[in-house]
Amino acid sequence: MDQSQPKQLEHVFSFSPGDDRYFQDCAEALFESEQGHKYFSDLDQVKHFLQLGFAHNEIYICTNKHHDFIGFIWANNYGAFNYFPFLQAIAVKPVFRSIGAGTFLMRQFEEAFPDAPLFFLIANPDNLGAYRFYERLGYCPVGKVPDMFICGTTEIIMVKSRNSPNTTHKFSLYKVFRQLSLKGIL
Ligand SMILES: CC(C)(COP(=O)(O)OP(=O)(O)OC[C@H]1O[C@@H](n2cnc3c(N)ncnc32)[C@H](O)[C@@H]1OP(=O)(O)O)[C@@H](O)C(=O)NCCC(=O)NCCS
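Trainee: So what exactly am I meant to see when it comes to the overall build of the chain here?
Mentor: Counting its regular elements, the chain contains 7 helices and 7 strands. For the chain, the sequential pattern of α-helices and β-strands runs β-α-α-α-β-β-β-α-β-α-β-β-α-α. Out of the 186 residues belonging to the chain, those deemed buried represent 28%.

Below, the structure is given as structure tokens:
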């Protein structure tokens, strides 16, 4: 194989709506992480959390060419302020991490909402790997919420703009958030 080829060309992923067959896989992918053990006491609690995503058909899965389950996203169409897409959760099975599947899932998330001007998610800065992953994909911190899910733990609201001239003009709120964030106010 030509070593000069980008590594991601080795991996071909597919994206499709998740159904109940993948419930266990999704729960395990999310639980088997630092994040999973911090926010959930056991696998049953993760399953309880994911139930709503499956019930609302908001879970999408990534598989490889052998049809192995790789990971999933939970994309909530109007989850942010009842208007903007919100990434409720993303997880890639540990053995498949760092080969581009997470990036693939995030791209699919954004492409699934072609008219959305902004995309929201919540990140925990202690989950440094995930936080850097989101930053690398263009998500910017716009606000902090102390004690949001766990007492003593601050969550960061992150936003990505689609960057079309029309949308940045229409949604100047994002610019305000960004300025406040840069000035250290948020
Ligand atoms: C966060 C998470 C979804 C990222 O998924 P992933 O599949 O590992 O993501 P990617 O492979 O696209 O990118 C991650 C890293 O791999 C590297 N990478 C990307 N494509 C690559 C490739 N083809 N070959 C080698 N490395 C690659 C990236 O540089 C990146 O490294 P960095 O962030 O340390 O700089 C995954 O780590 C995960 O499931 N974590 C546990 C759950 C979690 O914390 N979820 C977030 C909160 S809900």
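Trainee: What's the story with the site of the ligand in this structure? I'm lost.
Mentor: Around the ligand there are 21 residues in total, and Ser33, Arg97, Gly100, Gly102 and Thr103 lie nearest to it. Mapped onto the shell around the ligand, the elements with two or more residues apiece are β4 (84-92), α4 (101-111) and α5 (128-136). The element that contributes the greatest number of residues to the shell around the ligand is α5, accounting for 5 residues. Across the shell around the ligand, the residue classes tally to 8 nonpolar, 9 polar and 4 charged. If you count residues domain by domain, the shell around the ligand takes at least three from each of domain 1 (1-115) and domain 2 (117-186).

Trainee: Can you help me understand unusual backbone geometry in this one?
Mentor: Trans is the prevailing form of peptide bonds, just as negative phi is the prevailing case for residues other than glycine. Of note in the backbone geometry, Asn82 takes a positive phi value of approximately 55° without being a glycine. If you trace the backbone, Asn82 turns up in the loop between β3 (69-80) and β4. Phi at Ser98 takes a positive value of approximately 65°, unusual for a residue other than glycine. Its place among the elements puts Ser98 in the loop between β4 and α4.

Trainee: I would appreciate a short explanation of the packing of helix α1 (residues 23-31) against helix α3 (residues 43-55) in the present structure.
Mentor: In helix packing, the relevant descriptors are the interaxial angle and the interaxial distance, both defined with respect to the helix axes. α3 packs onto α1 with a crossing angle of 120° between their chain directions and a minimal axis gap of 9 Å. Of the possible angle classes, the one that applies to α1 and α3 is oblique. Note on packing geometry: the crossing formed by α1 with α3 is right-handed. Contact with α1, carried on its side by Phe23, Cys26, Ala27, Leu30 and Phe31, involves Leu43, Val46, Lys47, Leu50 and Phe54 of α3 and no other residues of that element. Class assignment of the residues belonging to the contact of α1 with α3 gives a composition of 9 nonpolar, no polar and 1 charged.

Trainee: Which parts of the structure should I look at to understand the confidence of the model for the chain?
Mentor: Low pLDDT marks regions whose predicted coordinates should not be analysed in detail. Summary statistics for the chain give a mean pLDDT of 87 and a share of 82% for residues scoring 70 or more. Counting contacts from residues 1-9, a segment whose pLDDT is below 50, to residues more than four positions away or on other chains yields 1 contact. Every residue in residues 164-172 scores below 50 in pLDDT, and together they form 9 contacts with partners more than four places removed in sequence or on other chains.

Trainee: Explain the pairing of β3 here, please?
Mentor: If a strand is regular, its side chains alternate between the two faces of the sheet. In this structure, strand β2 (residues 59-64) lies alongside β3, joined through 5 bridges in antiparallel fashion. Residue pairing across strands places Thr63 opposite Phe69, the latter belonging to β3. A loop of 4 residues connects β2 with β3, the two strands running antiparallel in sequence, and His67 in this loop sits at a positive phi of about 70°. Examined bridge by bridge, β3 and β4 share 7 bridges and lie antiparallel to one another. Bridging across to β4, Ala80 finds its partner in Phe84.

Trainee: Got a minute to help me understand the environment of Ser41 in this structure?
Mentor: Checked against the element boundaries, Ser41 lands in the loop between α2 (34-39) and α3. Along the sequence, Ser41 and Phe31 sit 10 residues apart, while their C-alpha atoms lie 9.1 Å from each other.

Each value, and the rule that gives it
Within each chain, residues carry numbers counting from 1 in the order of the written sequence. In view of the model being predicted, local features appear only for residues whose pLDDT reaches at least 70, and side-chain atom pairs are presented and counted only at 80 or more, with totals across whole chains, interfaces and linings using the full set of residues. Runs of E in the DSSP output that reach at least two residues are strands. Runs of H or I that reach at least four are helices, and both are numbered from the N terminus. Burial is judged by counting other C-beta atoms within 10 Å of a residue's own C-beta: 20 or more means buried, 12 or fewer means exposed, and anything between counts as partly exposed, with every C-beta placed from the backbone. Each residue gets a C-beta atom placed from its backbone. If that atom is within 6 Å of a molecule or strand, the residue is near it. In this count, Pro and Cys sit with the nonpolar residues alongside Ala, Val, Leu, Ile, Met, Phe, Trp and Tyr, while Asp, Glu, Lys and Arg are called charged and the others, Gly among them, polar. Where a domain begins and ends is set by an automatic assignment or by a domain database. Whenever a helix is involved, its axis is fitted only over the stretch in contact; in every case the axis is a line through C-alpha atoms, and angles between N-to-C directions fall within 0 to 180 degrees. Orientation categories follow fixed angle ranges, with anything under 35 degrees roughly parallel, anything over 145 roughly antiparallel, 65 to 115 roughly perpendicular, and all other angles oblique. Note on convention: near helix rotated counterclockwise from far helix by under a right angle means a left-handed crossing. Clockwise means right-handed. Two residues qualify as a contact pair if the distance between their C-beta atoms, derived from the backbone, is within 7 Å. Per residue, pLDDT captures the predictor's confidence, and it can take any value from 0 to 100. Each pair of strands is called paired provided DSSP finds at least two bridges between the two strands.

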